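Below are the chains, spelled out letter by letter.
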Amino acid sequence: MSVKEILIHPDPHLKKVCPVVEAVTPEVQALARDMLETMYDAPGVGLAAPQVGSLQRVFVMDCTAKDEEPEPMVLINPAIVWTSEETSVYNEGCLSIPEMYEDVERPARAVMQFLDLQGEQQEREFDGLWATCAQHELDHLNGKLFIDYLSGLKRSMITKKMLKLKKERARG
């Protein structure tokens with residue numbers, strides 16, 4: 001397992017729609033393990049394959065509290081099959097948009113179908129932070145970032161800050 005570099009917005013990988021994973025191969029399993037290690041190292045609660053430069057419909061997440069037993073999840077080819085009418089607002093951040101947080105409104109609960117690491121079909125209902133994270137990561141697989149929910153002005157300001165950060169890191 002290895003920690004992968006997390007791409008910073010704006011990067012073309014982050015705006016692409018990922019194709020369906022045809023089979024859960026050892027390579028896909030290795031990618032998922034590396035993504036979990038990268039997510040925990042960052043630290044974050046979710047990470048999608050495009051954020052590490054891989055255009056595959058895979059994301060990982062673990063929204064347990066720091067004092068709880070970790071519950072790492074790998075979702076391959078995830079799809080939302082139901083969302084609640086009730087919404088919640090969460091101050092979202094993103095490992096590809098470091099140190100930027102904004103309120104985003106999403107359904108409070110969501111049911112997703114996905115393949116697990118063994119290629120078995122799963123269905124799970126998420127609520128709270130888990131629901132927010134699952135929807136946020138699924139957006140990544142569809143080429144959408146949380147800042148796409150913001151006003152054009154806020155999105156532009158954050159993008160300029162990220163361009164400045166990328167320049168600083170390149171000089172680093």
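Just so you know, these numbers come straight off a predicted model, no measurement behind them.

*Asks:* Requested: an account of the environment of Arg106, with residues and values cited.
*Replies:* Inspection of the secondary structure puts Arg106 in strand 5 (residues 97–107). With 59 residues separating them in the primary sequence, Arg106 and Leu165 have C-alpha atoms 28 Å apart. Leaving out residues up to four positions away in the same chain, Arg106 has contacts with Thr87, Ser88, Glu92, Thr132, Gln135, His136, Asp139, Phe146 and Tyr149. Engagement of the side chain of Arg106 in a polar contact is seen with the side chain of Glu92, the distance being 2.6 Å.

*Asks:* Report on the pattern of salt bridges, specifying residues and quantitative values.
*Replies:* Taken as a whole, this structure holds eight salt bridges when the rule is applied. Across the salt bridge formed by Lys154 and Glu102, the nearest N and O atoms sit 3.1 Å from each other. Of this pair, Lys154 sits in helix 3 (residues 152–171) while Glu102 sits in strand 5, placing them 52 residues apart in sequence. The partner of Glu125 in a salt bridge is Arg109, with the nearest N and O atoms 2.9 Å apart.

*Asks:* Describe the sheet that holds strand 7 (residues 121–127), listing the residues and the values that go with them.
*Replies:* Spatial strand order, 1-2-3-6-7: five strands in an open sheet with antiparallel pairing. Two strands lie at the open edges of the sheet, namely strand 1 (46–48) and strand 7, each paired on one side alone. Across the sheet, the mean angle separating the axes of adjacent strands is 40 degrees when strand polarity is ignored. Note: strand 2 (residues 58–61) against strand 3 (residues 73–83), four bridges, orientation antiparallel. Residue pairing for strand 3: Met61 is matched across the bridge by Met73. Across the sheet, helix 1 (residues 26–41) lies against strand 1, strand 2 and strand 3, angled at about 40 degrees from strand 2, the strand it touches most. Here helix 2 (residues 128–141) sits on the sheet in contact with strand 1, strand 2, strand 3, strand 6 (109–115) and strand 7, set at roughly 155 degrees to strand 2.

*Asks:* Pulling in residues and values, what's your account of the packing of aromatic side chains?
*Replies:* A full pass over the atoms with the stated rule returns one aromatic pair. When the centroid spacing of 6.4 Å and the interplanar angle of 10 degrees are considered together, the rings of Phe126 and Trp130 count as stacked. The same class applies to Phe126 as to Trp130, namely buried. Seen from the ring of Trp130, Arg124 lies directly overhead, with NZ or CZ sitting 5.3 Å from the centre. The side chain of Lys144 reaches across the aromatic face of Tyr149, ending 4.2 Å from its centre.

*Asks:* Residues and numbers for the nonpolar core, please.
*Replies:* A general feature of soluble globular proteins is that nonpolar side chains tend to end up buried together. Among the nonpolar cores identified, the biggest contains 17 residues, and Met35, Leu47, Val58, Val60, Val74 and Ile76 are the most heavily contacted of them. For this core, the element with the most residues is helix 1, which contributes six residues. Contacts of Met35, omitting those with residues within four sequence positions, involve Leu47, Ala48, Ala49, Val52, Val58, Phe59 and Val60. Counting residues in hydrophobic clusters, the runner-up holds 16 residues, among them Cys18, Ala48, Met61 and Phe114.

*Asks:* I'd like to hear about helix 1, residue by residue, with values.
*Replies:* The end-to-end C-alpha distance of helix 1, which contains 16 residues, comes to 22 Å, matching closely the 22 Å that a straight helix rising 1.5 Å per residue would cover. Turning to helix 1, its buried residues are Val28, Leu31, Ala32, Asp34, Met35, Leu36, Thr38 and Met39. In this structure, the buried residues of helix 1 make contact with strand 1, strand 2 and strand 3.

*Asks:* Any chance you could break down helix 2 for me, citing the residues and the numbers?
*Replies:* Here helix 2 contains 14 residues, and its C-alpha end-to-end distance of 21 Å stays within 8% of the 20 Å for a straight helix at 1.5 Å per residue. Of all 14 residues in helix 2, 12 are buried, a share of seventy percent or more. Of the residues making up helix 2, those classed as buried are Trp130, Ala131, Thr132, Cys133, Ala134, Gln135, His136, Glu137, Leu138, Asp139, His140 and Leu141. Just downstream of helix 2 lies Gly143, where phi reads positive at about 75 degrees.

Calculation rules
- Residues numbered from 1 in each chain as written.
- Predicted model: local features only at pLDDT ≥ 70, side-chain atom pairs only at ≥ 80, totals over all residues.
- Heavy atoms only, no water.
- Helix = DSSP H or I, 4+ residues; strand = E, 2+ residues; numbered from the N terminus.
- Contact = heavy atoms within 4.5 Å.
- Polar contact = N/O pair within 3.5 Å; in protein donor to acceptor, adjacent residues only side chain to side chain.
- Salt bridge = Lys/Arg side-chain N within 4 Å of Asp/Glu carboxyl O.
- Pairing = 2+ DSSP bridges.
- Axes fitted to C-alpha atoms, helices over the stretch in contact; angles between N-to-C directions.
- Phe/Tyr/Trp six-rings, centres within 6.5 Å; stacked < 30°, edge-to-face > 60°.
- Buried < 20%, exposed > 50% of the residue type's maximum accessible area, 1.4 Å probe, protein only.
- Lys NZ or Arg CZ within 6 Å of the ring centre and 35° of its normal.
- Core = buried A, V, L, I, M, F, W, Y, C linked by side-chain atoms within 4.5 Å.
- Expected span 1.5 Å × (residues − 1).

Geometric values such as these leave the question of function open.
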